[in-house]
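Each chain, letter by letter, is given below.
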Amino acid sequence: MSENKDKKEKLLVKNQDMSFAKFVNDKSGSDINRCFQCFACSGGCPFSDLMDLNPNVVNRYVQFGLKEEVLTCSTIWICVGCNTCSYNCPQGVNIPAMMDTLRELAIKEGVKIGEPSILTFHNEVINSIEKYGRTHKLEIMMRYKAAEREWFQDMDVGIKMLLKSKLDLGPSKIRNKKDLKKIFKSGSEK
Amino acid sequence: MKLYEQKAYAYFPGCSLATSAKENNKSLLSMTKKLGVDLIQLPDWNCCGSSSTHSINHGLAIDLAGRNLSLVPTNLPLVVACPSCYIRLCQGYYQIKESKELRDKYEEMWNKPFNDDLKIIHLFKLLENMNIKNRIANSKILKDISYVPYYGCMLSKPIDIPKEENYNGTIESVMKSMGAKHVEWSSMQKCCGTFLSVTHPKSITPIVNNIITEAIDSKADCIVTACSMCHLNLEIRCDLGKKLPILHLTELISIALGSKSYKKWFARHLVDPYPLLKEKGVFDDVA
């Protein structure tokens, strides 16, 4: 991962979208221009090793209007929204809200997804909710591992969980399918 | 009505407590039964949306939370035990409350007025309301046990919920009243990895191992958690030779209140806490 980070160090600033920072600010409800690059977010981030851009760099790129670089980076997908960064931030920037905005925009714009396996996972969770109204963990795990062709990864963990009845074979479902349809119809209009 | 007079609450279990963390749900219900509090499960509740919906489809996350909110009887506060569900439902509530557009949509979808006065509380607030510390103060069943509290990130850092209370300290004060010895450590609020545990297991294992190693190094006998998801990730992703039992706080409170069903709960742990608790004489007074 650090190789990627080194590569990104020499960046040619071109194709700037000067309205980008304003868009992200409006949509996320947090003023990212307050960031003065103190590095507190990236220093505290538990998952920064997995990211190609550190969170403070994503913030800087948004300020610079480097839309393509930001929408295709892995960072916006690796971020789980644990809020450690925003608690550390002396300027009160809500970084996870910025990541949420960038993720949705990346999907909307159809760019190359920086960490496709995570999008696959999110989609499997949402499929499960659409089908049952609740998440069916065993099916999500199996469909995810199949989609990623990681058939045997975590087989041992899966078996352990099954033995301890941590994974139910059948789904827990809601009865009111009409409500569920209404929710997903309304969601897809957005 | 005074808080401690509130004897009935609406209750949202959520997918984790309904499936992979049934032991947390069962010990929680056993605890409230002993305390004389009625938890009325939301009829036909749906998933809160979880981090996946919130991550890629904001509108859907609000609608999923909205349906659950519409199921809460108007006169009851809503109790949520899973920190992640708690945050999702609170976010949905505040967003609908503050936006005319979302409120209109909610009222049209669910054909009822939005309840501005709805109180959504986390289980820890309920423990406070119930004056749990005094109720279990006589049973020092954990007097020979040292532990580290593990809140995870959701409960300790709810950043975009306005005026949200911080529950740091609840585990410690409840455990103290049961006589347990609190050990200081620095991983109390570290993130367990949530969904990265599925998508990037090889990267999450060292993170979880670090958390557990730190607990072992601090000489704690066990870890006490507030969150079912953290509980699961700590159990399934740790590949250390030495493992520490990880307990839900509700399990220990229920035992202190005299519940005898603990064997069924412990059977669902990947690291069985029974030998430790037995050795430390926890069941001497209650068995």
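Trainee: Even after reading the chapter, I still don't get the overall build of chain A, so can you show me in this structure?
Mentor: Within chain A one finds 12 helices and 0 strands. For chain A, the α and β elements follow one another from N to C terminus as α-α-α-α-α-α-α-α-α-α-α-α. Projecting the C-alpha coordinates of chain A onto the three principal axes gives extents of approximately 50 × 40 × 30 Å. Evaluated residue by residue, chain A yields a buried proportion of 50% over its 190 residues. For chain A, the share of sequence-separated contacts (at least 6 apart) that also reach a separation of at least 24 residues comes to 68%. When the accessible surface of chain A is totalled, it reaches about 9,900 Å², and 53% of it is carbon and sulfur. Across chain A, 30 positive and 24 negative side-chain charges occur, with their mean positions spaced 7 Å apart.

Trainee: Which parts of the structure should I look at to understand the packing of aromatic side chains?
Mentor: Each pair of aromatic rings is reported with the distance of its centres and the angle of its planes. Scanning all chains against the criterion turns up 13 aromatic pairs over all chains. The interplanar angle of 70° and the centroid separation of 5.1 Å between the aromatic rings of Tyr-93 of chain B and Tyr-94 of chain B together place this pair among those described as edge-to-face. Looking at Tyr-93 of chain B, the relative accessible area reads 5%, which means it is buried. Above the ring of Trp-45 of chain B, the side-chain terminus of Arg-134 of chain A is found at 3.6 Å from the ring centroid.

Trainee: Where do I start with the domain arrangement of chain A in this structure?
Mentor: Many analyses report the size of an interface as the accessible area lost when the parts associate. Once the domains are mapped, chain A shows domain 1 (2-109) and domain 2 (116-189). Placing a centre on the C-alpha atoms of domain 1 of chain A and another on those of domain 2 of chain A gives a separation of 29 Å.

Trainee: What is the right way to look at the sheet that holds strand β8 (residues 246-248) of chain B in this model?
Mentor: Strand-to-strand pairing in sheets goes through backbone hydrogen bonds, with the strands running parallel or antiparallel. Residues and elements named next belong to chain B. In spatial order, the strands read β6-β5-β7-β8; together these 4 strands make up an open sheet with parallel pairing. Bordering the open sheet on either side are β6 (181-182) and β8, each of which pairs with just one other strand. In this fold helix α13 (residues 249-256) packs onto β7 (222-225) and β8, with an angle of close to 70° to the strand it touches most, β8.

Trainee: I would appreciate a short explanation of the interface of chain B and chain A in the present structure.
Mentor: The partner chain A presents 54 residues to the 57 residues of chain B that form the contact. Both faces considered, chain B and chain A share a buried interface measuring about 5,000 Å² in area, 62% of it formed by carbon and sulfur atoms. Put simply, chain B and chain A have 4 salt bridges between them. Notably, a salt bridge pairs Glu-23 of chain B with Lys-166 of chain A, separated by 2.8 Å at the nearest N-O pair. Elements with a minimum of two residues in the side of chain B that touches chain A: α1 (14-18), α2 (22-35), α3 (50-56), α4 (58-70), α6 (100-110), α10 (196-199), α11 (201-217) and α12 (228-237) of chain B.

Trainee: How do you make sense of helix α11 (residues 155-163) of chain A when you look at a structure like this?
Mentor: The periodicity of an α-helix, 3.6 residues per turn, causes residues three or four places apart in sequence to face the same way. Considered for burial, the residues of α11 of chain A that qualify are Val-157, Gly-158 and Met-161 of chain A. Mapping the buried residues of α11 of chain A onto a view down its axis gives an arc of 100°, with all of them on the same face. Looking at the buried side of α11 of chain A, the elements it contacts are α12 of chain B.

Conventions used here
- Residues numbered from 1 in each chain as written.
- Chains lettered and ligands numbered in written order.
- Predicted model: local features only at pLDDT ≥ 70, side-chain atom pairs only at ≥ 80, totals over all residues.
- Heavy atoms only, no water.
- Helix = DSSP H or I, 4+ residues; strand = E, 2+ residues; numbered from the N terminus.
- Buried < 20%, exposed > 50% of the residue type's maximum accessible area, 1.4 Å probe, protein only.
- Contact = heavy atoms within 4.5 Å.
- Areas by Shrake-Rupley, 256 points an atom, 1.4 Å probe, with all protein chains shown as cover.
- Lys, Arg positive; Asp, Glu negative; His and termini not counted.
- Charge placed at Lys NZ, Arg CZ, Asp CG, Glu CD.
- Phe/Tyr/Trp six-rings, centres within 6.5 Å; stacked < 30°, edge-to-face > 60°.
- Lys NZ or Arg CZ within 6 Å of the ring centre and 35° of its normal.
- Domains from an automatic or database assignment.
- Pairing = 2+ DSSP bridges.
- Axes fitted to C-alpha atoms, helices over the stretch in contact; angles between N-to-C directions.
- Buried area = accessible area lost by both parts, 1.4 Å probe.
- Salt bridge = Lys/Arg side-chain N within 4 Å of Asp/Glu carboxyl O.
- Arc of directions from axis to C-beta.

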